[in-house]
Amino acid sequence: MNILYIMSDDHSYQTISAYDDRFIQTPNIDWIAQHGVKFSESFVANSLSGPSRACMLTGKHSHANGFTDNSRTFDGSQQTFPKLLQQAGYQTAMIGKWHLISQPTGFDYWDILIGQGDYYNPNFVCNGQRVRREGYVTNIIADLAIDWMDHKRDKNKPFCLLMHNKAPHRVWSPDTCDLDLFNDQTYPLPATFYDDYSGRQAAAKQQMSISKDMDLVYDLKMADKENQIHSDPDLEAIGRANYKRMNAEQRARWDKHYEPIIRRFKEAGLTGRQLDEWKYQRYMHDYLRVIRSVDRNVGRVIDYLRTHGLLENTLIVYTSDQGFYMGEHGWFDKRFMYEESFRTPLLMYLPGGKHGVVDKLVQNIDYAPTFLQLAGVPVPADIQGTSLLPLLRGQRVKHWRKALYYHYYEYPAEHSVCRHYGIRTQRYSLMHFYNDVNQWELYDIRKDPENMHNLYGLPGMEKITAKLKKQLLNLQLQYDDPIRLTPAAQ
Ligand SMILES: [Ca+2]
């Protein structure tokens, strides 16, 4: 069985119509759900790019694979599932955003973006060789994936291809052919857009708010020709450099779309909530245009499999490195153990497998053992995830996990989200923010899926809190996390 693993960067489940059809239709991504499994309770172990990728490759939590935050360098000498598949006779390839600093190991072919990568005319490193490619990044990554499957692999061997999009990562720059999509759409503000963060210290401290931290020039492309609009100097400089990176044809189409928006923005002189809500609409427009391109390119790759008889023997996975805020709590970005960023979309098509929804608690440490088991490779005992293969085959699973563990480390850093760890059951989330703050938060997800009402310490919550803390400590011991609940906190 071949494995095609497609992972986008910061793709929220809110913007996949198989999960939520309020904002956009994604028929090609939905195809995977319609012909396979949609995991409705899918989560990450650490809601950030590099750490999430490291968890996925190793099947281990961040403390165990060493890549706890984006300042780290991935130790490529450690065990990963691509290496184990390669040893078992698979052809392995990694194409697109890598973001683990060290060079990829365990791949017969790799062709990766440098760092975060650029949307337009991006630079890649192909098996160690630097190359600039003209065009739009999502199209290029799909082109490379198809080209590898078509021409570069050994067709006598099964393959495992990791296709990692840069899109829709900040700053959500659409393909020029998609710029005018959704021009007439106005999106409803999330109910929590004006959250005041009462009862939640870490939420109050963050710097990822659309109102305060979303940059006019960098994020919202208001780089005017007259040079009158100014924003954060560093971000503005990158925003203007992104514009210069385009070729003449791309710039002409870009200007045709953005110049009238910039002109109207200058004339309007928006302030306060009007400005906040204008920013939200601009953000949604660009983000959703980027998703349209992601979906189209997923369709191209599935079409390739279909026309080459590979749908009968290829597992197709679509996921994201974590969830993302579409204005909920007034935010963009991720990092928190709150639902929107802790969750991640996960769709899998297994030929001959189950069709439908799986509501078991699953996490990105489960992918590695799934692929190994599918390939008939023994799953090493030090892998912390659990194979999803029985769930994909529709088998009855008696003893599935009752709770997930989460640990986020990147602080102090961009967006100022405090360090925290926590536990998530089907019903509750309990999280402990530590380091410069010391606060517990408890949510009843069934009653409060938006994580607005911190129940920790309230009368009547003692019993469930004690039970969850005990379960949390058990998970920390099970996964051997050196940072764990102290006796005083229990
Ligand atoms: Ca990401």
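Residues numbered from 1 in each chain as written. Predicted model: local features only at pLDDT ≥ 70, side-chain atom pairs only at ≥ 80, totals over all residues. Heavy atoms only, no water.

*Asks:* Where do I start with the overall build of the protein chain in this structure?
*Replies:* Summing up its helical and strand segments, the protein chain has 14 helices and 16 strands in all. The globule rule puts the C-alpha radius of gyration for 490 residues at 23 Å, and the 22 Å found for the protein chain is close to it. Taken over the C-alpha atoms alone, the protein chain extends approximately 65 × 65 × 40 Å along its principal axes. In the protein chain, which comprises 490 residues, the share counted as buried stands at 64%. Counting only contacts in the protein chain whose residues sit at least 6 apart along the sequence, the fraction spanning at least 24 positions is 67%. Carbon and sulfur atoms make up 49% of the accessible area of the protein chain, which amounts to about 18800 Å² in all. Of the charged side chains in the protein chain, 58 are positive and 58 negative; the average position of the first set lies 4 Å away from that of the second. (Helix = DSSP H or I, 4+ residues; strand = E, 2+ residues; numbered from the N terminus. Rg over C-alpha atoms; globule rule 2.2 N^0.38 Å. Buried < 20%, exposed > 50% of the residue type's maximum accessible area, 1.4 Å probe, protein only. Contact = heavy atoms within 4.5 Å. Areas by Shrake-Rupley, 256 points an atom, 1.4 Å probe, with all protein chains shown as cover. Lys, Arg positive; Asp, Glu negative; His and termini not counted. Charge placed at Lys NZ, Arg CZ, Asp CG, Glu CD.)

*Asks:* Looking at this structure, how should I read the packing of helix α5 (residues 137–152) against helix α10 (residues 272–307)?
*Replies:* In helix packing, the relevant descriptors are the interaxial angle and the interaxial distance, both defined with respect to the helix axes. Here α5 crosses α10 at 10°, and the two axes come no closer than 9 Å. Overall, the two elements α5 and α10 adopt an arrangement that is roughly parallel. Seen from α5, the contacting residues are Thr138, Asn139, Ala142, Asp143, Ile146, Met149 and Asp150; seen from α10, they are Ser293, Val294, Asn297, Arg300, Val301, Tyr304 and Leu305. Along the lines of polarity and charge, the residues of the contact of α5 with α10 split into 7 nonpolar, 4 polar and 3 charged. (Axes fitted to C-alpha atoms, helices over the stretch in contact; angles between N-to-C directions. Parallel < 35°, antiparallel > 145°, perpendicular 65-115°, else oblique. Nonpolar A, V, L, I, M, F, W, Y, C, P; charged D, E, K, R; others polar.)

*Asks:* Would you mind going over the nonpolar core with me for this structure?
*Replies:* Side chains of nonpolar character tend, in soluble globular proteins, to be buried together. If you look at the biggest cluster of nonpolar residues, it comprises 75 residues, and the most contacted ones within it are Ile32, Leu161, Met222, Tyr283, Leu305 and Ile316. Sort the elements by how many residues they give to this core and α10 lands first, with 14 residues. Those residues in contact with Ile32, other than ones at most four positions away along the chain, are Val37, Val298, Ile302, Ile316, Tyr318, Leu347, Met348 and Tyr349. Grouped together as the second largest cluster of nonpolar side chains are 42 residues, Phe39, Phe74, Leu162 and Leu346 included. (Core = buried A, V, L, I, M, F, W, Y, C linked by side-chain atoms within 4.5 Å.)

*Asks:* Please explain the environment of Gln87 as it appears in this structure.
*Replies:* Inspection of the secondary structure puts Gln87 in helix α4 (residues 81–87). Considered as a pair, Gln87 and Val377 are 290 residues apart in the sequence and their alpha carbons are 9.5 Å apart.

*Asks:* Quick question: what am I supposed to make of the sheet that holds strand β14 (residues 419–425) here?
*Replies:* Spatial ordering of the open sheet is given by β13-β14-β15-β16, a layout of 4 strands whose pairing is antiparallel. If you trace the sheet from one side to the other, it starts and ends with β13 (403–408) and β16 (439–444), each paired once. Across the sheet, the mean angle from the axis of one strand to that of its neighbour is 10°, orientation sign disregarded. Relative to the sheet, helix α14 (residues 462–478) contacts β13, β14, β15 (428–434) and β16, its axis offset from that of β14 by approximately 110°. (Pairing = 2+ DSSP bridges.)

*Asks:* Looking at this structure, I do not really get the pairing of strand β8 (residues 159–164). What am I missing?
*Replies:* Consecutive side chains along a regular strand alternate between the two faces of the sheet. Where burial is concerned, most of β8 is hidden: 6 out of the 6 residues are buried. Burial of β8 is two-sided: the residues Phe159, Leu161 and Met163 facing one way and the residues Cys160, Leu162 and His164 facing the other way are all buried. Where strand β1 (residues 2–8) meets β8, 5 bridges bridge the pair, whose relative direction is parallel. Within β8, the position partnered with Ile3 by the bridge is Cys160. Inspection of the sheet shows strand β4 (residues 91–96) paired to β8 by 6 bridges, in the parallel sense.

*Asks:* Even after reading the chapter, I still don't get the state of the cysteines, so can you show me in this structure?
*Replies:* A covalent bond between the sulfur atoms of two cysteines is what we call a disulfide. Considering all chains together, one arrives at 0 disulfides under this definition. Note on Cys55: no disulfide assigned, nearest cysteine sulfur contributed by Cys160 at a separation of 17 Å. In this structure Cys55 comes out as buried when scored by relative accessible area, which is 0%. Take Cys126: it sits in no disulfide, and the sulfur closest to it among the cysteines is that of Cys160, at 18 Å. (Disulfide = S-S within 2.5 Å.)

*Asks:* Got a minute to help me understand the packing of aromatic side chains in this structure?
*Replies:* Both the distance between ring centres and the angle between the ring planes are used here to describe each pair of aromatic rings. Per the stated rule, a full pass over the model turns up 33 aromatic pairs. Judged by centre distance (5.1 Å) and plane angle (50°), the ring pair of Trp31 and Tyr349 falls under tilted. You can see Trp31 sitting in helix α1 (residues 27–35) and its partner Tyr349 sitting in strand β10 (residues 346–349), a full 318 residues away along the chain. Overall, Tyr349 belongs to the buried group, its relative accessible area being 10%. Relative to Phe324, the ring of Tyr287 has its centre 6.0 Å away and its plane inclined at 15°; by these criteria the two rings are stacked. (Phe/Tyr/Trp six-rings, centres within 6.5 Å; stacked < 30°, edge-to-face > 60°.)

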